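Secondary and tertiary structure notes
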Amino acid sequence: MPRISTFSQDTTVSKQDQWIGTDSETGATKNYSIQSFVDLINDENLVNLFDGVLYTFKAVDTTAEGQGILSVTGSNTLTTNFSALTHVYLHVKDTEGTTVDTYLEKTLDNYIKISEQGNLNNFGIYEVIAIEDWNTYYKKLTLTIRDTNGALSPNQNYYISNYQAINDQDFSDNSVTEFADVSNAGSGEIISNIERINYNEIYLNGLRHDDVVDNLLTVDAGVPLSANQGKILKDAIDAINVLLTSDETDLDTLQEIVDFIEANKETLDTLGISNIAGLQDALDDKVDKIVGKQLSEEDFTTILKTKLDGIEDNAEVNVQADWTQSVTDHDAYINNKPTDVTDLSIHDVIELRDVSDAGSGYIITNDERTSIDGLDPVNLRDTSHVKTLGDFSVGSGGIEFSDQLSAEPTYDNAIFSIDGNDPKLAFKQGGNTYYLDYYSNNLTTGINQGGELSVLNGTTVRISSGNGIVVSLNKDAGLISYPTVQKVQWDQQDVVVSNLTPGNANQLNAWFYVDALGTIQQQPNEFSESQYKSQIILGSAIHADGTIKFVKTFPNTSYGQQEQFGEFARIFGPLKKSGHVISAYSTGLGLNRSAGIAFALGRNYSVDKDNPSLVTDAGQDNVTIHRYYQDGSGGFIRDDGAQGAGYTALDFTNYDDGSGTLATVSNNKFTTQRLYYFPGTPDLIISYYGRNEYQSLDDANTNINAESFTEDTNTATQAIFLGYVIGQNTVTDLSAGTNSRIIQGGLFRSVAFTSTGAAAGTSNIADLGDVQIQSPANSQILQYNTSTSAWENNDLQDYNSFAMAMAIALGG
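Residues numbered from 1 in each chain as written. Predicted model: local features only at pLDDT ≥ 70, side-chain atom pairs only at ≥ 80, totals over all residues. Heavy atoms only, no water.

A look at the pairing of strand S26 (residues 547-553)
In this sheet, S26 lies alongside strand S25 (residues 536-544) in antiparallel orientation, the contact comprising 6 bridges. Looking at S26, one finds that Ala 544 is bridged to Thr 547. (Pairing = 2+ DSSP bridges. Helix = DSSP H or I, 4+ residues; strand = E, 2+ residues; numbered from the N terminus.)

Quick look at the pattern of salt bridges
One pass over the structure, following the stated rule, counts 11 salt bridges. With a shortest N-O distance of 2.5 Å, Asp 133 and Lys 139 are connected by a salt bridge. Under the relative-accessibility criterion, Lys 139 is labelled buried at 8%. We note a salt bridge from Arg 674 to Glu 707, for which the minimum N-O separation is 2.8 Å. Of this pair, Arg 674 sits in strand S36 (residues 670-677) while Glu 707 sits in the loop between helix H14 (697-702) and helix H15 (713-718), placing them 33 residues apart in sequence. The class of Glu 707 is buried, set by a relative accessible area of 3%. Connected through shared salt-bridge partners, Glu 105, Asp 133 and Lys 139 make up one network. (Salt bridge = Lys/Arg side-chain N within 4 Å of Asp/Glu carboxyl O. Buried < 20%, exposed > 50% of the residue type's maximum accessible area, 1.4 Å probe, protein only.)

What about helix H13 (residues 561-572)?
Its 12 residues place the ends of H13 17 Å apart at the C-alpha level, agreeing with the 16 Å of an ideal helix rising 1.5 Å per residue. Regarding H13, the residues found buried are Gln 561, Gly 566 and Ala 569. Buried residues in H13, looked at end-on, bunch into an arc of 140°, giving them a common side. In H13, the exposed residues that point more than 90 degrees away from the buried face are Glu 563, Arg 570 and Ile 571. For H13, the elements touching its buried residues are strand S30 (596-599). (Expected span 1.5 Å × (residues − 1). Arc of directions from axis to C-beta. Contact = heavy atoms within 4.5 Å.)

A closer look at the side chain of Thr 671
Considering the arrangement of structural elements, one finds Thr 671 in strand S36. For Thr 671, a relative accessible area of 0% corresponds to the buried category.

As for the environment of Gly 579
Within the element layout of this structure, Gly 579 appears in strand S27 (residues 575-579). C-alpha separation for the pair Gly 579 and Asp 617, spaced 38 residues apart in sequence, amounts to 9.4 Å. Residues contacting Gly 579, with those up to four places away along its chain left out, are Ser 594, Ala 595 and Gly 596.

Quick notes on unusual backbone geometry
Positive phi outside glycine occurs at Asn 622, with the angle close to 50°. Topologically, Asn 622 is positioned in the loop between strand S31 (614-617) and strand S32 (624-630). Given a relative accessible area of 27%, Asn 622 falls into the partly exposed group. The backbone of Gln 643 shows a phi angle near 55°, a positive value even though the residue is not glycine.

Description of the sheet that holds strand S7 (residues 111-116)
The sheet built from 7 strands closes into a barrel, its strands ordered S3-S4-S6-S9-S8-S7-S11 with mixed pairing. With strand direction ignored, the average angle separating the axes of adjacent strands in the sheet is 40°. (Axes fitted to C-alpha atoms, helices over the stretch in contact; angles between N-to-C directions.)

Remarks on the nonpolar core
Core analysis: the largest hydrophobic core is formed by 20 residues, its most contacted members being Tyr 55, Leu 70, Val 88, Leu 90, Ile 112, Ile 114 and Leu 152. Every element with two or more residues in this core is listed here: strand S3 (53-57), strand S6 (87-91), S7, strand S8 (119-133), strand S9 (138-149) and strand S11 (157-162). The element that contributes the greatest number of residues to this core is S3, accounting for 3 residues. What Ile 112 contacts, discounting residues up to four positions off in sequence, is Thr 107, Gly 124, Ile 125, Tyr 126, Val 128, Leu 141, Leu 143, Ile 160, Ser 161 and Tyr 163. (Core = buried A, V, L, I, M, F, W, Y, C linked by side-chain atoms within 4.5 Å.)

Any functional reading would require information beyond the geometric quantities listed.
This is the structure in structure tokens:
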């Protein structure tokens, strides 16, 4: 009986293609078209792929039996343009009878999309501005049109779903000045609360030009006097000082001074040196003034004169100070030079004589200072017009948001907290919003540091101190996840194994982990999958006869998960995703390779940075072939033909016996060659010569997986496996198929890099590499599962998984 894997692949799948299955009512075997399955899936709304409800546009049935009905009038059903809708009437149950009244209620003040099933170009997008109970079974939604195309047709099915894409998510073309209460962005810097308080204090309480008083009558103690009034006061004070310089002891009041001057005016007018007693004698004792000579303001002593007489003429006149002079008694040496003249790192900006406070550390421009100077203190007090974008405070170690935004800000390059009921930290850059939750969703529960196990004695395990994280995704059905990342740490501990069993010679295990509280726990059984997600795994102690034999540390790490999976992928090597089918070229021993897609880490980086590892290649007819065989010393001979031109035909007259020299295939015997392909080199295929001789095609086919085979590292690490070609030593035409067979490779490599060989046995369908059979039952069919890359037995009644697979296969 032929195997499924031997049938050729249909590369042009259409909706008219047929499957074979069993009729659930009659038990008869029948053909089913792909189109019939698609219609069933659509009519029954079996695919849970989107957020929406399926309705039928038809006349209203006001009873409980009217489930799944959509109406626009509440009374009749006529073809209606989407652009004419102002109301819709929706039954509280969908076409399947599922109650959706809560779903409908939540559309209030949101956007919905009504689209025809099977025709996404026929749609209407609306804002729901009101919802009311029309009767017991219907909700009436009042709508505002946002965008439409086409019309509603009677008895057609329509999806109603939440639709938020109408909101503008592109903030790259906006600026902060587009807020209604912001007219100028200033320097673009955000100042701290303390700085804002300081500015407000200055401009609320600081003195201004209008506060200056130019009179001597104002009694307000909080305002300054003008310079003009100061001058007037100074003149008056100077006049008083003149009067106060009198030596008359009897004149102790200004009035007395004035009266005295008036009474003695004639005497004062004739007053001279001779009239003043003792004045002439005092003048006679003074040194006479000599023309050209003056006395200094200080007394010139004999000591100073002696010092000057001791200085030589022109002493020090030609000596210049030298910064680099290091001899201390040299005339040019400079004393007390500062040592940190050029080291500005040890100084602060406030050491400058005109700076008293560094503030936020930002230097503002004159324009900014002018705009601050002109602020109206009254308006500064009135903050009713300011929109709150999320208050925050600056601590010694970071920024704390004291409240959250209800919607995303329109400005770009921002950090903010959003949604007061469930606050989330978010970032905006390049017009895109990134929530911190998105990244914590990809964190993994595991160890960060320490946690190694060692044997302290026969009963006790020592666990070193360490730390890790426990990630709880907090995912509920229908809701996005809100992950929490909890840091867990523990000290070094010595733990006695709890399940030691003296007298039991069997090897037993004690499995150790750290719970979310940082407590080290142990259990006698291996870890469950849920524990790997919620506990920090450490390792196990192996013991027998009540004594610890050894310990093993094997934690999950919370770091480097991507690199570890990259290493896992490299173990498999490049893999075929689709296509790359091998066929005979016209006549002869040449080969064709169809177009295909392959996965090879980083191989497509230079072509498409967004898809660095998925390589798409066009097909190639009559490919170039390089022939590989063992060199007898653990390596390989790579025969690329004369002058590296390769070959255009397979060679079945020789086989690889491991000696380093090809052996001649015996007459009428068959050998199996393995084919490999380097993604991104469309015209080249690698062929490994067969290792054994076989009596027939079927004998060679049966022993494919039993034949000893080793692979060169360049294909093992860089090439995908294409399949096998079995040929007799006399074969001349692969297309004839009489003494040759082409076997396509699966998505995964069908052979290991090394094999010791095994005896061939009878094969069943479940033995095939691309078939997985579990608990087979009557009336089941084989279905291909892209997630496991295998054919699996399934019931046709398993609609959801079957429909999902069909939707994916048909492009959604």
